[in-house]
Amino acid sequence: MSMIVKTELNRRGFFAYSSAAALTVGVSSRAMALEAEGASDYQYEVIRTEAEWRAQLSEFDYAILREGKTEKQKSSPHWNETAEGIYHCKGCDLPSYDGKWKVVLKKGWAFFYHAVPNNVLTGIDGIIPPEYGDSAAGFAALIETHCRRCGSHLGHLLIVEGIQTHCINGASLVFKSSTT
Ligand SMILES: [Zn+2]
C-alpha cells in the first residue's frame, strides 16, 4: 500500500522541527522544555520493543502508530462509519473513542468530539501546517493525541468547520460494534 501522506511532522524529528518553529513564531522555550520533560517522564503501562511492535503491526500501521505518520484521506473505512460502538487503540486494545461522539466530515479521517475520558493523552507535534485548514494554522501548536496505555499515535486535535475535533487515523483504531 502507498497510503502514507508525506509529512514533515515526524515525531522522531519533533524537537529539531519545533525548535526552529519556536524561533519563527515565538513559542516559549519554557513550554517546549515542559513538553520535553513530560514526554520523558511518563511511564506507559504497555511497553514493547521495536521488534515486538513490528511483529504485531503491519508495516503501514507501524508507520502510523509508532512513527506518527498520517494516513491518506478516506483510506480507512472508519472515516464514514456511523454504527454505534467503541473504537479501540490498535496498539493495546484500550477503548479510545466512543462512536456516540463521532462525526463524519468530508475531510475523510475519523473525527470525534471527544475521546474516552482519561484514555487519550496529548503532545505537541510542531506548529499547525497551513494545509490542515485550521484557523490557528501557522502559529498555534499542533496537538497530537496518543494512547494513554501504549503511547501509540492516534491523530491530532484540529478545529474543523469551527469545532474542536479529534482528527484520528482510522488505521490506529479497531472498531467494535455494539449492535452486532
Ligand atoms: Zn494503546
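Residues numbered from 1 in each chain as written. Predicted model: local features only at pLDDT ≥ 70, side-chain atom pairs only at ≥ 80, totals over all residues. Heavy atoms only, no water.

**Things to note about the pairing of strand β4 (residues 95-98)**
Inspection of the sheet shows strand β3 (residues 85-89) paired to β4 by three bridges, in the antiparallel sense. Bridging from a neighbouring strand, His 88 pairs with Pro 95 of β4. Between β3 and the antiparallel strand that follows it, β4, lie five residues; Asp 93 among them carries a positive phi value of about 75°. (Pairing = 2+ DSSP bridges. Helix = DSSP H or I, 4+ residues; strand = E, 2+ residues; numbered from the N terminus.)

**Observations concerning the sheet that holds strand β6 (residues 110-112)**
The strand order β5-β6-β10-β9-β8-β7 describes an open sheet built from six strands, whose pairing is antiparallel. Looking along the sheet, the strands with just one partner apiece sit at the ends: β5 (102-103) and β7 (120-127).

**Remarks on the pattern of salt bridges**
Per the stated rule, a full pass over the model turns up four salt bridges. In this structure, Lys 90 and Asp 61 form a salt bridge, with 3.0 Å as the shortest nitrogen-oxygen distance. Here the residue Lys 90 occupies a position in the loop between β3 and β4, and Asp 61 occupies one in helix α4 (residues 59-65), the gap between them amounting to 29 residues. What makes Lys 90 partly exposed here is its relative accessible area of 24%. For Asp 61, a relative accessible area of 11% translates into the label buried. For Lys 176, the salt bridge goes to Asp 93, with nearest N and O atoms at 2.8 Å. Taken together, the residues Lys 176 in strand β11 (residues 173-177) and Asp 93 in the loop between β3 and β4 connect sequence positions 83 residues apart. On the basis of relative accessibility, which here comes to 36%, the residue Lys 176 falls in the partly exposed class. Asp 93 sits in the partly exposed class, given a relative accessible area of 37%. (Salt bridge = Lys/Arg side-chain N within 4 Å of Asp/Glu carboxyl O. Buried < 20%, exposed > 50% of the residue type's maximum accessible area, 1.4 Å probe, protein only.)

By themselves, these are just geometric observations and shouldn't be taken as functional.
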